[in-house]
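Summary of structural features
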Amino acid sequence: MSGYVHFTDEEKKRANSVDLVDFLQRQGERLLPSGRDKRLTSDHSITIRGNQWFDHSSEEGSHAIDLVRRLYNLSFPQAVTLLLGGEQRIEYQQSDRSKEPEPKKPFELPPANPDMRRVFAYLIKQRFIDRDVVTCFAKAKMLYEDKKYHNAVFVGCDADGIPRHAHKHGTYSGGKSYKGNVEGCDPQFSFHYTGTGNSVYVFEAPIDLLSFLTLYPQDWKRQSYVSLCGVAEHALLEQLQEHPNIREVFLCLDHDEAGIKATERLEKILQGHGYSDVSVLQSQYKDWNEDLKTRHGVEPLAAEEPDFEEQHCGMKMTL
């Protein structure tokens with residue numbers, strides 16, 4: 001589109017108020033549940049709710065027009081035209097800004113299944129995670145099977161051992177696995193393990209963490225590990241505050257554009273908190289479970305290199 005396009009204030013307001021879930025799904029985008037929000041499958045760092053979005057890796061967000069410009073590389077007039085329905089005059093849902101936000105539900109762990117057969121089978125036979133690693137977290141009541149859906153539930157506790165966070169991961173083999181945090185979670189206490197050593201290893205997802213322990217099992221219980229259950233920094237900073245003996249941080253996020261962007265952001269945050277001993281560990285393939293799959297003859301998902309130049313503050317290593 002070239003030249004000047006005039007939009008009334010009402011048209012711009014209507015475009016910016018489009019419900020992003022409705023719009024993106026009708027563009028063919030796939031969305032994952034993430035608490036009350038939805039998360040883009042094409043970029044896990046972006047969550048949306050109503051007509052608002054937030055990029056957790058760059059810590060920026062806005063409303064519908066800015067996201068459409070960003071996702072589809074459009075000019076302002078092109079984005080507004082698309083949100084107003086384009087030539088087809090598609091009517092997208094409007095976000096109900098007058099609706100009172102629902103009160104946040106108190107956090108509760110999903111009821112547990114009497115056994116963990118499906119979770120053990122999924123993690124060991126399909127994800128190839130070591131049985132002893134799975135058993136260790138199950139015995140610590142940090143991993144169990146929920147009763148209703150048979151999801152694997154990864155539990156995060158506070159310093160007093162009280163559950164404050166739970167991340168659910170589907171165990172059905174057909175199609176895309178369900179993943180999401182239980183509503184009411186405190187992101188500071190996502191799934192983690194604390195050892196006595198001075199190092200902490202940081203992952204996006206619990207299965208990445210367990211896969212890493214399977215790949216590199218030697219003396220693993222001595223060090224600390226945290227899954228962000230996303231890419232936000234809260235759980236990492238909580239562990240560093242609670243355990244001042246930890247001075248060495250290994251960032252082990254996914255080997256894709258979103259993971260690399262998040263890694264760079266976390267490096268800057270850690271520098272701001274006085275942590276200079278920060279290293280980046282990258283999986284050979286898209287994530288640590290994909291690396292684990294190759295040991296069992298399964299075709300892995302390839303790593304995704306970003307279009308921008310990587311500029312890490314710490315040391316980059318591929319194991």
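Values in this document were obtained by computation on a predicted structure and should not be read as measured data.

With the rule as written, the count across this model stands at two cavities of 30 Å³ or more. Taken as a whole, the largest cavity holds about 50 Å³ of empty space. Lining the largest cavity, in full, are His44, Ser45, Glu204, Val231, Asp254, Asp256, Ala258, Gly259 and Lys286. Along the lines of polarity and charge, the residues of the lining of the largest cavity split into two nonpolar, three polar and four charged. Of the voids in this model, the second largest cavity is the one considered here, and its volume is about 40 Å³. Elements supplying a minimum of two residues to the lining of the second largest cavity: α9 (257-272) and β14 (278-282). At three residues, the largest contribution of residues to the lining of the second largest cavity is made by β14. The residue makeup of the lining of the second largest cavity, split by class, is five nonpolar, four polar and one charged.

Adjacent strands of a sheet form backbone hydrogen bonds with each other and so pair up, either parallel or antiparallel. Pairing is antiparallel across the open sheet formed by five strands, whose spatial order is β1-β2-β3-β4-β5. In the strand order of this sheet, the two ends are held by β1 (31-34) and β5 (60-63), each with one partner. The sheet shows a mean angle of 25 degrees between the axes of neighbouring strands, direction not considered. Relative to β5, strand β4 (residues 52-55) is paired through four bridges, and the arrangement is antiparallel. Counterpart to Phe54 in the pairing with β5 is Gly61. Against the sheet, helix α3 (residues 64-72) touches β2 (37-40), β3 (46-49), β4 and β5, its axis set at about 115 degrees to β5.

Moving on, we get to the packing of aromatic side chains. As enumerated under the stated definition, the model contains 15 aromatic pairs in all. Centre to centre, the rings of Tyr201 and Phe212 are 5.5 Å apart; their planes meet at 40 degrees, and the pair counts as tilted. Residue Tyr201 is located in strand β11 (residues 199-203), and its partner Phe212 is located in helix α7 (residues 206-215); the two are separated by 11 residues in the primary sequence. Phe212 matches Tyr201 in its accessibility class, with the two residues each being buried.

On the secondary structure map, Ser42 appears in the loop between β2 and β3. As a C-alpha pair, Ser42 and Ala258 span 216 residues in sequence and 8.9 Å in three-dimensional space.

The next thing to look at is the packing of α3 against helix α4 (residues 76-83). Relative to each other, α3 and α4 sit at 110 degrees, their axes nearing to 9 Å. With respect to α4, the element α3 is oriented roughly perpendicular. The crossing of α3 and α4 is right-handed. Between α3, through Ala64, Ile65, Val68 and Arg69, and α4, the contact on the second element is made entirely by Phe76, Ala79, Val80, Leu82 and Leu83. Classifying every residue of the contact of α3 with α4 by side-chain character gives eight nonpolar, no polar and one charged.

Looking now at the sheet that holds strand β8 (residues 163-169). Strand order in the open sheet formed by four strands is β6-β7-β8-β9, and the pairing between neighbours is antiparallel. In the strand order of this sheet, the two ends are held by β6 (143-145) and β9 (179-181), each with one partner. Between one strand and the next, the sheet's axes are offset by a mean angle of 25 degrees, whatever the strand orientation.

This paragraph deals with the confidence of the model for the protein chain. On average, residues of the protein chain carry a pLDDT of 88, and 90% of them reach 70 or more. Note that residues 308-315 has pLDDT below 50 and, in this model, 23 contacts with residues that lie over four places away or in other chains.

Along helix α6 (residues 131-139), the positions that sit buried rather than exposed are Val133, Val134, Phe137 and Ala138. For α6, the angular spread of buried residues about the axis comes to 130 degrees, placing them on one side. For α6, the exposed residues set more than 90 degrees away from the buried face come down to Asp132 and Lys139. As for α6, its buried residues are in contact with α5 (117-126), β6, β10 (192-193) and α7.

Definitions and limits used
- Residues numbered from 1 in each chain as written.
- Predicted model: local features only at pLDDT ≥ 70, side-chain atom pairs only at ≥ 80, totals over all residues.
- Heavy atoms only, no water.
- 1 Å grid on protein atoms, 1.4 Å probe; cavity = no way out; pocket = protein on both sides within 12 Å on 5 of 7 lines; lining within 4 Å.
- Points joined across faces, edges and corners; volume = space filled by probe spheres on them.
- Nonpolar A, V, L, I, M, F, W, Y, C, P; charged D, E, K, R; others polar.
- Helix = DSSP H or I, 4+ residues; strand = E, 2+ residues; numbered from the N terminus.
- Pairing = 2+ DSSP bridges.
- Axes fitted to C-alpha atoms, helices over the stretch in contact; angles between N-to-C directions.
- Contact = heavy atoms within 4.5 Å.
- Phe/Tyr/Trp six-rings, centres within 6.5 Å; stacked < 30°, edge-to-face > 60°.
- Buried < 20%, exposed > 50% of the residue type's maximum accessible area, 1.4 Å probe, protein only.
- Parallel < 35°, antiparallel > 145°, perpendicular 65-115°, else oblique.
- Left-handed = near helix turned anticlockwise from the far one by under 90°.
- pLDDT = per-residue confidence, 0-100.
- Arc of directions from axis to C-beta.

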